[in-house]
Amino acid sequence: MSMKPREIALTRFLKSRPCTLLMIAVGVMAVWCASNAGVAWERTAESGLIDWHGVESAYTCGSLHGIINQVLMVGTMVMMGLANRWWNIMRTGSVMYTGLLAIMAGALPALTFGAIGAWIMAVIVLLCMLVMYSCYDRPTRTPRIFLIFFMLSCGTCIEYAFAAYVPVMLLGCGQMRCMGMRQLLAAAVGLLTPLWLLWGFGLIDLDMMQPPHIQPISVDGIKGYALPMVCCAMVTLATGLAMTVYNVIRVYGFNARTRAMNGLLTVLTAITELMCIVDWGRLYVYMPLLLCMTAMQTTLFFRINVDRRGYVTVLALITFYAGIFAWSIIT
């Protein structure tokens with residue numbers, strides 16, 4: 001059944017930049033309105049491979065936390081936009097995914113005022129994805145492979161959640177057709193270099209090394225978060241999974257380059273969802289990246305179904321996150 005003129009107009013509006021700007025503005029306003037309304041937030045401390053002897057974060061002010069995290073969120077949007085502009089990941093010129101990210105993040109002010117490491121991880125992982133895409137069918141670009149693993153290793157020193165994306169990028173080397181002994185050596189050197197530099201300059205020693213503290217999902221773990229956060233996480237996980245599976249099936253018929261590009265996006269989404277469950281105790285750290293992946297997968301789903309009322313899914317998500325925001329304010 002073909003869409004009615006009003007549905008076509010609505011679809012065009014959702015794809016437009018004015019709609020994206022409106023969603024971004026609403027998301028930012030929601031965060032700061034919630035902050036002024038006194039919504040409780042919890043600053044989660046970063047926990048990395050290195051124990052910095054309890055050094056307190058300089059960002060103890062909630063407002064400063066919010067400003068820094070929103071700057072990082074803008075950086076995340078830029079990375080998403082560059083990925084789509086340079087490699088057409090979402091098969092559309094629309095930047096709707098940035099507006100969806102703003103709406104999703106705005107629904108949970110605690111994400112904005114929480115650990116800065118969470119948004120840093122979103123920026124760094126997306127930057128690694130961009131660099132990996134640039135290596136497609138170019139095995140001679142070993143310096144870029146080194147850079148990817150160097151950034152992940154630096155992140156792991158501050159927040160061990162970065163370590164989950166090391167195997168993802170190794171798999172990405174295979175997907176991008178740039179896997180070989182030189183690339184593996186570059187990856188290994190990239191992982192070791194930050195630790196070697198810190199040790200060489202006397203900034204760390206072996207006593208400062210600490211293992212990760214994994215906290216899988218459990219009844220007690222669920223009770224440790226506010227209900228809006230738990231509900232939002234569960235629906236986002238389900239939505240991201242459903243969109244990813246659908247998109248993988250539809251993209252399978254495209255050319256090899258498109259399959260490789262979307263394959264890396266699929267693996268990143270899957271690992272992020274898995275880590276949210278496996279390391280539930282650090283859910284706040286994974287949530288920003290989970291929202292990024294879900295926004296990108298939803299935009300791709302919308303593009304594939306643009307003539308089959310794909311707008312329904314987008315409007316349903318916006319309505320859901322608006323409800324989560326209202327729930328957060330009320331509670």
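Just so you know, these numbers come straight off a predicted model, no measurement behind them. Once a new chain begins, its residue numbering starts again from 1 and follows that chain's sequence as written. Restriction of local features to residues with pLDDT of at least 70 applies here, the model being predicted, together with a cutoff of 80 or more for giving and counting side-chain atom pairs; totals for whole chains, interfaces and linings are based on all residues. The side-chain quantities take in all heavy atoms of the structure and omit both hydrogens and water.

**Focus on a nonpolar patch on the surface**
Here is step 1 of the chain: A contiguous nonpolar patch, built from I214, I217, M234, L274, I277 and V278 and spanning about 440 Å² of accessible area, is present on the exposed surface.
Here is step 2 of the chain: Ranked by residues supplied to the nonpolar patch, first place goes to helix α12 (residues 256-278) with three residues.
Here is step 3 of the chain: Going along the chain from the N terminus, every DSSP run of H or I of four or more residues is numbered as a helix, and every run of E of two or more is numbered as a strand. By the secondary structure assignment, I217 is in the loop between α9 (181-200) and α10 (219-223). Patch membership needs two things, relative accessible area over 30% and no salt bridge, and members are linked within 9 Å if like-charged or within 5 Å if nonpolar (Val, Leu, Ile, Met, Phe, Trp, Tyr). Surface exposure here means Shrake-Rupley accessible area, sampled with a 1.4 Å probe, where a residue is shielded only by the protein chains that are shown. A pair is scored as a salt bridge if a Lys or Arg side-chain nitrogen falls within 4 Å of a carboxyl oxygen belonging to Asp or Glu.

**Focus on the packing of helix α4 (residues 96-106) against helix α14 (residues 311-330)**
Here is step 1 of the chain: Every angle, taken between N-to-C directions, lies between 0 and 180 degrees, and every axis is a line fitted to C-alpha atoms, over only the stretch in contact when it is a helix. Viewed as axis vectors pointing N to C, α4 and α14 meet at an angle of 25°, and their least axial separation amounts to 8 Å. Between α4 and α14, the angle falls in the class roughly parallel. In terms of crossing hand, the pair formed by α4 and α14 is left-handed. Across from M96, L100, I103, M104 and G106 in α4, the residues of α14 making contact are V314, L317, I318, Y321 and F325. The scheme is simple: roughly parallel for angles under 35 degrees, roughly antiparallel for over 145, roughly perpendicular for 65 to 115, oblique for anything else. Left-handed describes a crossing whose near helix is turned anticlockwise from the far helix by less than a right angle; the clockwise case is right-handed. Any two residues whose heavy atoms approach within 4.5 Å are treated as being in contact.

**Description of a positive patch on the surface**
Here is step 1 of the chain: Neither His nor the chain termini are counted; the positive set is Lys and Arg, and the negative set is Asp and Glu. One atom stands in for each charge, and that atom is NZ of Lys, CZ of Arg, CG of Asp or CD of Glu. Residues R12, K15, R91, R138, R144, R257 and R303 make up a contiguous surface patch of positive charge.
Here is step 2 of the chain: Within the element layout of this structure, R91 appears in the loop between α3 (62-87) and α4.

**Digging into the packing of aromatic side chains**
Here is step 1 of the chain: The pairing test for Phe, Tyr and Trp rings, Trp by its six-membered ring, is centres within 6.5 Å, and the orientation test on the planes gives stacked under 30 degrees, edge-to-face over 60, and tilted for anything in between. All chains considered together, the criterion is met by seven aromatic pairs.
Here is step 2 of the chain: Measuring from ring centre to ring centre gives 5.5 Å for W87 and Y133, while their planes differ by 55°; the resulting arrangement is tilted. One end of the pair, W87, is in helix α3; the other, Y133, is in helix α6 (residues 116-133), with 46 residues separating them in the sequence.
Here is step 3 of the chain: Burial here depends on accessible area, computed with a 1.4 Å probe over protein chains only, as a share of the maximum for the residue type. Under 20% is buried, over 50% is exposed, and the range in between is partly exposed. The buried category is assigned to W87, whose relative accessible area is 13%.

**A few points about the environment of L197**
Here is step 1 of the chain: By the secondary structure assignment, L197 is in helix α9.
Here is step 2 of the chain: Separated by 51 residues in sequence, L197 and F146 place their C-alpha atoms 15 Å apart.

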